[in-house]
Amino acid sequence: MTALQNKTSNPIAHLTPADIENLGRELDAIRDQVVASRGERDAAYIRRVIDAQRKLELASRAVLLASLFPPAWLAGTVGLSVSKILENMEIGHNVMHGQWDWMRDPKIHSTTWEWDNASPAAQWKHSHNELHHTYTNVLGRDNDLGYGIMRVDEDQRWSPFHLGQPLWNFLNACLFEYGIAVYDLELPKRFPGRKDDPEFRRQAKQVLTKIRTQATRDYVVHPLLSGPSAVTTFAANVTANLVRNLWTHSVIMCGHFPEGVETFQKSSIEGESRGEWYLRQMLGSANISGGPALHLMTGNLSYQIEHHLFPDLPSNRYQEIAPKVRELFDRYGLSYTVGSLPTQVASAWSKVFRLALPNDVAVRAATVAETATSPRKLIRLLRGHVAGTTRPAPAEAAAPTDLRERAAA
Amino acid sequence: MTAEPAAPARPLLERVLRLAELVTTPLVPADYLDVLSPLRSPAQLRARIVASHPETRDAVTLVLEPGRGWRPHVPGQYVRIGVDVDGVRQWRAYSLTSSPERPDGCLTITVKAIDGGKVSSYLVRRARSGTIVQLDQATGEFVLPTPRPRQVLFVTAGSGITPVMGMLRHALDELPDVVVVHSAPTAADAIFGGELRQLARRGRIRLVERHTDSEGILTVEELHALVPDLAARETWACGPTPMLDALGDHWEQLGIGARLHTERFRPTVVVAGDGGTVTFARSGVSVEADGRTPILDAGEAAGVLMPSGCRMGICFGCVVPLREGAVRDLRTGDLTTAVPGDGVRVQTCVSAAAGACQLDL
């Protein structure tokens, strides 16, 4: 992807400012309708999920006390992995978004929730809810675009460090909870000369304390309680955390990295209206198709588009409003990016590989790959007549244009 | 019994609890206990509705089984209960109508459905046995003293009879001379009418029933005529505000104001308007804000250190408790009201004052 403003064909050029505001009003109406109908059914849903997750976790940890017995290890590890995924995705992420604050239950509230993840709730809420959700896909403002360690957009400047990004991404996937914690500390921004910042030191201490208590639980107390099964229980906890990390990393990569997702210039959000903010969320997110189990295990982030439009609506409602949202995409001539989990994961990973190289090299490599299947094109390429078949290199010099001006053009 | 087996057991229990905390982090053991047995939690007092008995066509008595940690009440006191109505937790206070010595350990509250009353209508018409409700400890000063007064007068109207019934059920044996003057629209509408009439027939109390639909509202003069020796009696009164105000004035005039005990049995009415005084309680700052200014902006302009985030209602970084008052959601126009203890939290970046309000900041 290339910042929308630098593209030769602007996907929103056909929309007038009036269209965009009208779109905003239609989306507001969808939101209002859900807010007005939130009730007992929704409250029962989240309580049921929390109830099931806690019972599953207790049962899995209990079964693992006998993890020396292989079937017990397998059942306990699967159960613990599923429980950790549910706790992070459908429960933790969504509760901390304030999706359930309306119930006025202090135990299921964004201001009191803490989760089974290295990143302390308060820090995660700042970097995720405030920065990522407000500045979604704005180059230079939304650090989720590559987490500061990767280049996932042609308009992000290449450096030799990015040559290693397939490896960085793999390591980040395995250690995702720690990656997120470090990321929430905004290390890259603070590192030069700001190590002595007392606020940074306080936050870093919170992270270390949290990592210590979580590790004590998973890697010390639970194994010790397992007596002769200590080693296998330790392995089960390592496995469950790894499974949870790989799964959440994959799901989250699918939200904003696959092909078809747009990015935006920093200047394009100056004086952004409500309608334009909505439009940016629509173009900047991608969904994952699948069945009810997939939606539950992704914390309904498989409805990333709906989630980004309405981050505070209860997650169980996203799939209900998805057809209406999709109808708006169609009516306003916008493309709703959606694909199966394997397709989207592959798409995101291919971008990580492609952009490890500078743009021109990446383009040539892509062309080679494309033409390798066609002998005639390959011959032409070798002769140097590639201009007609290559993707246009992004116009680095193109003046960033206001979203609305482009739209009005 | 000099040996105390409990003494060494306590550190052991504490150690087990400490270990349990290591396993349940970042939650606490009670969070897991809650899903297995919601009434066992020592940290969060709850109760289970075990039965609902109709009293009149619009009032029921709910029998509640309190969880661990409930301390017996003093009859006449009230209890706040938190009920999830349409998924939203609402807190209300109800008088306890049971004696604290009930053999089954349960307590009862008696609820009359008020027109448009969200919680009372739910409790009277929809609440089912098995439902878990949140509970506070009983509280209130509307109780009989010890030693008991020799001559007592109770003046009640409508559901104002409920705290008095709690006292009668518990302490009638210790009260030799009781007069109950109770007002209700009709005989059928009198909550506990049957039980009161029975007590009167057995000569345990003198009951004066007033049916206001046919006889009109009881005046103080009429009351004085009905109970000529009221000045000699220790009096407890509970009912609508105008009635209590009239009684208060009369008792003051008689110079016996200290002998009148009242329970103001009305919901706190939050008057919603457009804008109002916003008080930041912990900062000790008050500002006037109009109905279009987010409380976040008003607070910042007044120099209050406000938590903030996206400033557009999506990140929930600015959420603070609304102790009391009313605010309006600037996006939808929806009104949120709170009275102390409700535990209501609001997003300051999209909420404007809708009347006087106080924030815990």
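Student: Which parts of the structure should I look at to understand the overall build of chain B?
Tutor: From N to C terminus, chain B includes nine helices and 17 strands. Along the first, second and third principal axes, the C-alpha set of chain B runs to 70 × 65 × 40 Å. Restricting the contact set of chain B to residue pairs at least 6 apart, pairs at least 24 apart contribute 65%.

Student: Which parts of the structure should I look at to understand the nonpolar core?
Tutor: Side chains of nonpolar character tend, in soluble globular proteins, to be buried together. Of all hydrophobic cores here, the largest spans 52 residues; its most connected members are L62(B), V79(B), I109(B), V111(B), F154(B) and V164(B). In contact with I109(B), other than residues within four places in its own chain, are L62(B), L64(B), V79(B), Y94(B), S95(B), L96(B) and T97(B). Residues A3(A), L4(A), M89(A) and M150(A) belong to the second largest nonpolar core, which totals 41 residues.

Student: Which parts of the structure should I look at to understand the interface of chain A and chain B?
Tutor: It is common to report an interface's size as the accessible area lost on association of the parts. Across the boundary between the two partners, chain A contributes 38 residues, which contact 23 residues of chain B. Counting residues per element, the ones that place at least two in the side of chain A that touches chain B are α1 (17-37), α2 (40-64), α4 (121-134) and α8 (198-225) of chain A.

Student: Where do I start with the sheet that holds strand β3 (residues 78-85) of chain B in this structure?
Tutor: The strands making up a sheet associate through backbone hydrogen bonding, with each pair oriented either parallel or antiparallel. Residue and element names in this part refer to chain B. The strand order across the open sheet formed by six strands is β4-β3-β6-β1-β2-β5, and the pairing between neighbours is antiparallel. Two strands in the sheet have a free side with no partner beyond their single neighbour: β4 (88-95) and β5 (107-112). Within this sheet the neighbouring strands show an average axis-to-axis angle of 40°, counted without direction. In terms of strand pairing, β3 meets β4 through eight bridges, oriented antiparallel. Bridge pairing in β4 links V79 to Y94.

Student: Would you take a moment to explain the environment of G313(B) for this structure?
Tutor: All names here are of chain B. Mapped onto the secondary structure, G313 falls in the loop between α9 (295-301) and β14 (319-329). C-beta crowding within 10 Å serves as the criterion here: with 20 such atoms nearby, G313 is assigned to the buried category. Separated by 105 residues in the primary sequence, G313 and V208 have C-alpha atoms spaced 57 Å apart. Setting aside its immediate chain neighbours within four residues, G313 contacts R331, Q347, C349 and V350.

Student: How should unusual backbone geometry be read in this particular structure?
Tutor: With glycine set apart, most residues show a phi of negative sign, and most peptide bonds adopt trans. Of the consecutive residues T25(B) and P26(B), the connecting peptide bond is found in the cis state with omega at 5°. In this model, T146(B) is joined to P147(B) through a cis peptide bond whose omega is -5°. Of note, P147(B) is situated in the loop between β6 (132-135) and β7 (151-157). The phi torsion at N137(A) lies on the positive side, around 60°, for a residue other than glycine. Relative to the assigned elements, N137(A) resides in the loop between α4 and α5 (165-174). The exposure class assigned to N137(A) is buried, which follows from the 24 C-beta atoms found within 10 Å.

Student: What is the right way to look at the sheet that holds strand β8 (residues 177-184) of chain B in this model?
Tutor: All names here are of chain B. Within the open sheet, the five strands sit side by side as β9-β8-β7-β10-β11. Their pairing is parallel. Whereas interior strands pair on both sides, the edge strands pair on one side only; in this sheet they are β9 (206-211) and β11 (260-264). Within this sheet the neighbouring strands show an average axis-to-axis angle of 10°, counted without direction. Sheet analysis places β7 next to β8, joined by seven bridges and oriented parallel.

Student: Can you help me understand the confidence of the model for chain A in this one?
Tutor: Detailed reading of the predicted coordinates is not advisable wherever pLDDT falls low. Mean pLDDT over chain A stands at 89; residues scoring 70 or higher make up 86%. Scored below 50 in pLDDT, residues 384-409 of chain A shows 45 contacts in the model against residues more than four places distant or in partner chains.

Student: Help me understand the pairing of strand β15 (residues 335-338) of chain B in this model?
Tutor: Along a regular strand, successive side chains alternate from one face of the sheet to the other. All names here are of chain B. Along β15, the buried face is formed by T336 and A338; none of L335 and T337, which line the opposite face, is buried. Sheet topology places β14 next to β15; four bridges connect them, and they run antiparallel. The residue bridging G325 from the neighbouring strand is A338, located in β15. A loop of five residues connects β14 with β15, the two strands running antiparallel in sequence, and G333 in this loop sits at a positive phi of about 80°.

Student: Is there a simple way to think about the packing of helix α9 (residues 230-256) of chain A against helix α14 (residues 341-354) of chain A in this case?
Tutor: Packed helices, taken two at a time, are described by the angle their axes make and the gap between the axes. Residue and element names in this part refer to chain A. At a closest axis distance of 9 Å, the pairing of α9 and α14 adopts a crossing angle of 75°. As the angle between them shows, α9 and α14 are arranged roughly perpendicular. Facing S250, M253 and C254 of α9, the residues of α14 in contact are L341, Q344, V345 and A348. For the contact of α9 with α14, a count of residues per class yields five nonpolar, two polar and no charged.

Student: Where do I start with the confidence of the model for chain B in this structure?
Tutor: Chain-level pLDDT for chain B is 93 on average; 96% of the residues reach the 70-or-more range. This stretch, residues 1-6 of chain B, has a pLDDT under 50; its non-local contacts, to residues over four places away or in other chains, come to zero contacts.

Student: Looking at this structure, how should I read the pairing of strand β1 (residues 46-56) of chain B?
Tutor: Residues and elements named next belong to chain B. As defined by bridge partners, β1 adjoins β6 across three bridges and the pair is classed as antiparallel. Paired with R48 across the bridge in β6 is I132. Connecting the antiparallel pair β1 and strand β2 (residues 59-66) is a turn made up of two residues.

Student: Explain α8(A) to me, please; I cannot follow it from the model alone.
Tutor: In an α-helix there are 3.6 residues to a turn, and that puts residues three or four apart on one side. Residues and elements named next belong to chain A. Between its first and last C-alpha atoms α8 spans 38 Å; for 28 residues at 1.5 Å apiece the expected length is 40 Å, and the two agree. Along α8, the sharpest change in direction is near 40° and occurs at T216. By the burial criterion, the buried members of α8 are Q203, K210, D218, H222 and P223. Two residues or fewer past α8, G227 is found with a positive phi of approximately 55°.

The rules behind each value
Residues numbered from 1 in each chain as written. Chains lettered and ligands numbered in written order. Predicted model: local features only at pLDDT ≥ 70, side-chain atom pairs only at ≥ 80, totals over all residues. Helix = DSSP H or I, 4+ residues; strand = E, 2+ residues; numbered from the N terminus. Contact = placed C-beta atoms within 7 Å. Core = buried A, V, L, I, M, F, W, Y, C linked by C-beta atoms within 7 Å. Buried ≥ 20, exposed ≤ 12 C-beta atoms within 10 Å, placed from the backbone. Pairing = 2+ DSSP bridges. Axes fitted to C-alpha atoms, helices over the stretch in contact; angles between N-to-C directions. pLDDT = per-residue confidence, 0-100. Parallel < 35°, antiparallel > 145°, perpendicular 65-115°, else oblique. Nonpolar A, V, L, I, M, F, W, Y, C, P; charged D, E, K, R; others polar. Expected span 1.5 Å × (residues − 1). Bend = angle between axes of the 7 residues up to and from the residue.

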